[in-house]
Amino acid sequence: MLMERVRLLLKNNSINNEQRYRSIIKLVQHLPGKKDLGSDEIEIAEEKRKRVQTAKKKKKPKKKPLMGPTELSLYIDSLYSSYKSSKLFRKRYLARRNNRFGIGLRKRLVPTNRYKQILDKLADLHELVIGRLDDILDGIVFDPEAQDPTIFNYLKVFKRWMTDVPLLRVDYDKIIWMERIEFDRAFSKYITHFFSFYKLGAPVREGILLEVEKRLNAQIETAEVSEGEAEAQAPMREPRNPVSDRKDVYRYIGAMRFFLPNALDEKNAFADDIFKSTTMRNLPDFLFATAEALVFQRTYEIEELISYYKIIYLHVDSNRWNCSEDMLERAKKDRNAKMEAELKALKAKYSSFETMMTLLSMQRNDENQLHSVLKEYWRQAFKKEWDPHTVQGSNCLFYIYSIGNYFNDAFLQLMNGTVLSLRDSAREDISGSIFSPSYFEAEITAFTSAQKRLRSLFVSKSLPQMSRETVVHSLARPDESIDQSVKPVYIMGRAFYRMGKEMIRIYEMHRLWRFNRGVMRIPSIARVPLIRETVEALPEQAGRPIPFFDCVIMDMPSATVFARGYLSKRIMEDSLTEGVFVSAAAFCFQAASACLNEELNEDMLASEELKRQIDDLSNRVRMRP
């Protein structure tokens, strides 16, 4: 008869679950043969267990700590006491069981109405965040400057997290009858997402937030420009308030920081609002409480939570954008566009090597510039017609000494910041210098010291007559064991190379400035000598004109016969392939090559490898479908 009444109650759909199960409890709770699955029975069973007697006293094995959730009711009372003040959970004594009644008596915690209200508030915050994520993601992927997809891919994972709020669409009267395993399934992805992002570390999370803030501010600036144009066409229209937009950005970043806190005990305004009616401080507190009360049903350490959910460091691809090929193609970030961008970057990198190779091969009077000026120097200084190739091969130190003398007489005043008499394009006489006195101070000091050493050997007629092969062999030794007579060659080669490299950088900046802005109006910086620290602080792709580039050199203090050969010539011709600056840079590189400079040799090898990569990639681009 009792069983029949229980079956009728179970099949009666006209009453709600709570009334049905309360009626069943009243019917079965006084039965003499009922089985109580509470904690008392388990504790008694432990006390009645007989101890095994052994001959020798053995050490008791250490009790392994509990790992993962428990189905027991041992910890329910203590958990309830811990969270009673939060008003998020309450105790219940009924659960569905696999027996003939379909029910069983067991203590457990279930969410309260307040808990469900917090989930509803979380859903509103999720909606606020996800509402602008698509625009932020589009802003990143369609930005030509954005080449690293890492933060974009992190935000794609974050978006997946934001699209799901546990138990949002489950009615409360169903939630209170859910079992531990159902709560586990509901919250597993949410908890995993939170701690996966937390394991990234504060610097990475801050980088994500900074990128989002940057994109939101860019949207505001774009909107302000567009609206400014509209206001110009419709002046009677009420202008928008950009301050409210900035406040929206701060509010949005605050909402994201709620989900990506710097520390587990961090609070913010959104946390205060969502959890104001509880003792929870923030989202981590709420998730810890949920896992303890509804999933683990016991206290646990954070390591257990991480182990149970297999939470690992969140890894995203740093080389591939996590979006459709169609979007990548429209954003010009597909495979073909990537190859073209890589080819463009390689060509930009090769540009300075190409300029160096051009300067190394620069000619004067239909022969190598260095050999042409050496012939001129020997005619003036020694009244001799010597072949530069022969002198270099048989008397290499004298050859290098002659190069140093010519540089000292012809170009030193151009490089050391000496004030020159100039005439600009408007035929007005002015004074100035290309470089500040300290620009090449270290290189010129090293060069002067080495040249004095060669001069003293030459004047005392003790300059050794060495072949080029002998000098090469000596320079191949370690720095400290180079022959002292050859040491000046090593020092001068390094000084010439470094001056030439710096002049290429200045030349490339001038060329970029010229191609971007032209020379319609001479800027004021074109009348200020270059300062090394200022030039080095400029961005890699910055454009800047060479000082006095448009001017003709009218005179130099103490101009020698070789320096006078550059009078009445422009600092830089409009063709960018001629001028005193170009001649000086070409001389430095050709002199560094004559001094067998190892850094120049390494650059030439790097140039060949870069050219091979460019040719290979160019072929792949041409062959693409």
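Only a predicted model underlies this, so the values are computations on that prediction, with no experimental measurement involved.

Trainee: Explanation requested: the nonpolar core in the structure shown.
Mentor: One recurring pattern in soluble globular proteins: nonpolar side chains tend to sit buried together. Ranked by internal contacts, the top residues of the largest apolar core, which has 94 residues, are Ile400, Ile403, Phe407, Phe435, Phe496, Phe581 and Phe587. Counting residues in hydrophobic clusters, the runner-up holds 74 residues, among them Phe197, Ile274, Cys323 and Met327.

Trainee: Explain the environment of Val295 here, please?
Mentor: Inspection of the secondary structure puts Val295 in helix α12 (residues 283-296). Assessed through its relative accessible area of 0%, Val295 is described here as buried. Sequence separation of Val295 and Ile181 is 114 residues, and the distance between their C-alpha atoms is 7.1 Å. Once you skip the residues sitting within four places of it in the chain, Val295 turns out to touch Pro69, Arg180, Phe183, Asp184, Thr290 and Tyr309.

Trainee: How do you make sense of the sheet that holds strand β7 (residues 552-555) when you look at a structure like this?
Mentor: Across a sheet, strands are paired by hydrogen bonds formed along the backbone, either parallel or antiparallel in direction. If you walk across this open sheet you meet the 3 strands as β6-β5-β7, and the pairing is antiparallel. Strand pairing shows two members of the sheet lacking a second neighbour, β6 (429-432) and β7, which therefore form its edges. Shown here is a sheet whose adjacent strand axes are inclined to one another by a mean of 45°, direction ignored. Pairing analysis gives 3 bridges linking strand β5 (residues 420-423) to β7, with the strands arranged antiparallel. Bridge pairing links Ser421 to Asp555 in β7.

Trainee: Sorry, what's going on with the packing of helix α20 (residues 441-459) against helix α22 (residues 487-517) here?
Mentor: In helix packing, the relevant descriptors are the interaxial angle and the interaxial distance, both defined with respect to the helix axes. α22 packs onto α20 with a crossing angle of 150° between their chain directions and a minimal axis gap of 9 Å. Taken together, the axes of α20 and α22 are roughly antiparallel relative to one another. With respect to the hand of their crossing, α20 and α22 are arranged in left-handed fashion. Here Glu443, Ile444, Ala446, Phe447, Ala450, Gln451, Arg453 and Leu454 of α20 lie close against α22, whose contacting residues are Pro488, Ile491, Met492, Ala495, Phe496, Arg498 and Met499. Taken together, the residues that form the contact of α20 with α22 break down as 11 nonpolar, 1 polar and 3 charged.

Trainee: Looking at this model, I keep getting lost on the packing of aromatic side chains. Mind explaining?
Mentor: Remark: the centre distance and the inter-plane angle together describe each pair of aromatic rings, the angle taken between the planes. Applying the stated criterion across every chain yields a total of 50 aromatic pairs. Judged by centre distance (4.9 Å) and plane angle (45°), the ring pair of Phe411 and Tyr566 falls under tilted. Of this pair, Phe411 sits in the loop between α18 (396-410) and α19 (412-415) while Tyr566 sits in the loop between β7 and α24 (580-594); the two residues are 155 residues apart in sequence, bridging distant segments of the chain. We classify Tyr566 as buried; its relative accessible area is 5%. Between the NZ or CZ atom of Arg92 and the centre of the ring of Trp177, over which it lies, the distance is 4.1 Å. When the ring centre of Tyr252 is taken as origin, the NZ or CZ atom of Arg132, which lies over that ring, is 6.0 Å away.

Trainee: What's the story with the side chain of Gln369 in this structure? I'm lost.
Mentor: By the secondary structure assignment, Gln369 is in helix α16 (residues 369-382). A relative accessible area of 4% means that Gln369 is categorised as buried. For Gln369, the side chain forms a polar contact with the main-chain oxygen of Ser583, separated by 2.9 Å. Once you skip the residues sitting within four places of it in the chain, Gln369 turns out to touch Met362, Gln363, Arg364, Ser583, Ala586, Phe587 and Gln590.

Trainee: I tried to follow the pairing of β5 on my own but got confused; where do I start?
Mentor: It is a general feature of regular strands that their side chains alternate between the two faces of the sheet. Every second residue of β5 is oriented toward a common face, the buried set being Leu420 and Leu422 and the non-buried set Ser421 and Arg423. Hairpin connection of β5 to β6: 5 residues between the antiparallel strands, including Arg427 at a positive phi of 65°.

Trainee: Can you walk me through unusual backbone geometry in this structure?
Mentor: Not every positive phi belongs to a glycine, and Leu167 is a case in point at roughly 60°. Assignment of secondary structure puts Leu167 in the loop between α6 (150-162) and α7 (172-175). Judged by its relative accessible area of 7%, Leu167 falls in the buried class. The phi torsion at Asp366 lies on the positive side, around 65°, for a residue other than glycine.

Trainee: Explain helix α5 (residues 113-141) here, please?
Mentor: Along an α-helix, residues three or four apart share an orientation, since each turn contains 3.6 residues. The end-to-end C-alpha distance of α5 is 42 Å, a good match for the 42 Å that 29 residues give at a rise of 1.5 Å each. The largest bend along α5 reaches roughly 35° and is located at Leu133.

Trainee: Looking at this model, I keep getting lost on the environment of Ala337. Mind explaining?
Mentor: Residue placement: Ala337 occurs in helix α15 (residues 335-360). The spatial distance from the C-alpha of Ala337 to the C-alpha of Val621 is 9.4 Å, given a sequence separation of 284 residues.

Trainee: What's the story with the side chain of Asp143 in this structure? I'm lost.
Mentor: With respect to the helices, strands and loops of the structure, Asp143 is situated in the loop between α5 and α6. Judged by its relative accessible area of 17%, Asp143 is buried. The residues touching Asp143, leaving out its near neighbours within four places in the chain, are Arg215 and Lys333.

Trainee: What is the right way to read the pattern of salt bridges from this model?
Mentor: Should the charged atoms of two oppositely charged side chains come close, the side chains can pair. All told, the structure shown has 30 salt bridges when counted by the stated rule. For Asp77, the salt bridge is made with Lys107, and the minimal N-O distance between the two is 2.9 Å. Of the two residues, Asp77 sits in helix α4 (residues 76-83) while Lys107 sits in strand β2 (residues 103-111), which places them 30 residues apart along the sequence. The exposure class of Asp77 is partly exposed, given its relative accessible area of 34%. A relative accessible area of 14% means that Lys107 is categorised as buried. A salt bridge links Asp615 to Lys611, with the shortest nitrogen-to-oxygen separation between them at 3.1 Å. With Asp615 and Lys611 both in helix α25 (residues 598-623) and 4 residues apart, this pair spans about one turn of that helix. The partly exposed category is assigned to Asp615, whose relative accessible area is 33%. Taking relative accessible area as the criterion, Lys611 reaches 35% and is therefore assigned partly exposed.

What counts and what doesn't
- Residues numbered from 1 in each chain as written.
- Predicted model: local features only at pLDDT ≥ 70, side-chain atom pairs only at ≥ 80, totals over all residues.
- Heavy atoms only, no water.
- Core = buried A, V, L, I, M, F, W, Y, C linked by side-chain atoms within 4.5 Å.
- Buried < 20%, exposed > 50% of the residue type's maximum accessible area, 1.4 Å probe, protein only.
- Helix = DSSP H or I, 4+ residues; strand = E, 2+ residues; numbered from the N terminus.
- Contact = heavy atoms within 4.5 Å.
- Pairing = 2+ DSSP bridges.
- Axes fitted to C-alpha atoms, helices over the stretch in contact; angles between N-to-C directions.
- Parallel < 35°, antiparallel > 145°, perpendicular 65-115°, else oblique.
- Left-handed = near helix turned anticlockwise from the far one by under 90°.
- Nonpolar A, V, L, I, M, F, W, Y, C, P; charged D, E, K, R; others polar.
- Phe/Tyr/Trp six-rings, centres within 6.5 Å; stacked < 30°, edge-to-face > 60°.
- Lys NZ or Arg CZ within 6 Å of the ring centre and 35° of its normal.
- Polar contact = N/O pair within 3.5 Å; in protein donor to acceptor, adjacent residues only side chain to side chain.
- Expected span 1.5 Å × (residues − 1).
- Bend = angle between axes of the 7 residues up to and from the residue.
- Salt bridge = Lys/Arg side-chain N within 4 Å of Asp/Glu carboxyl O.

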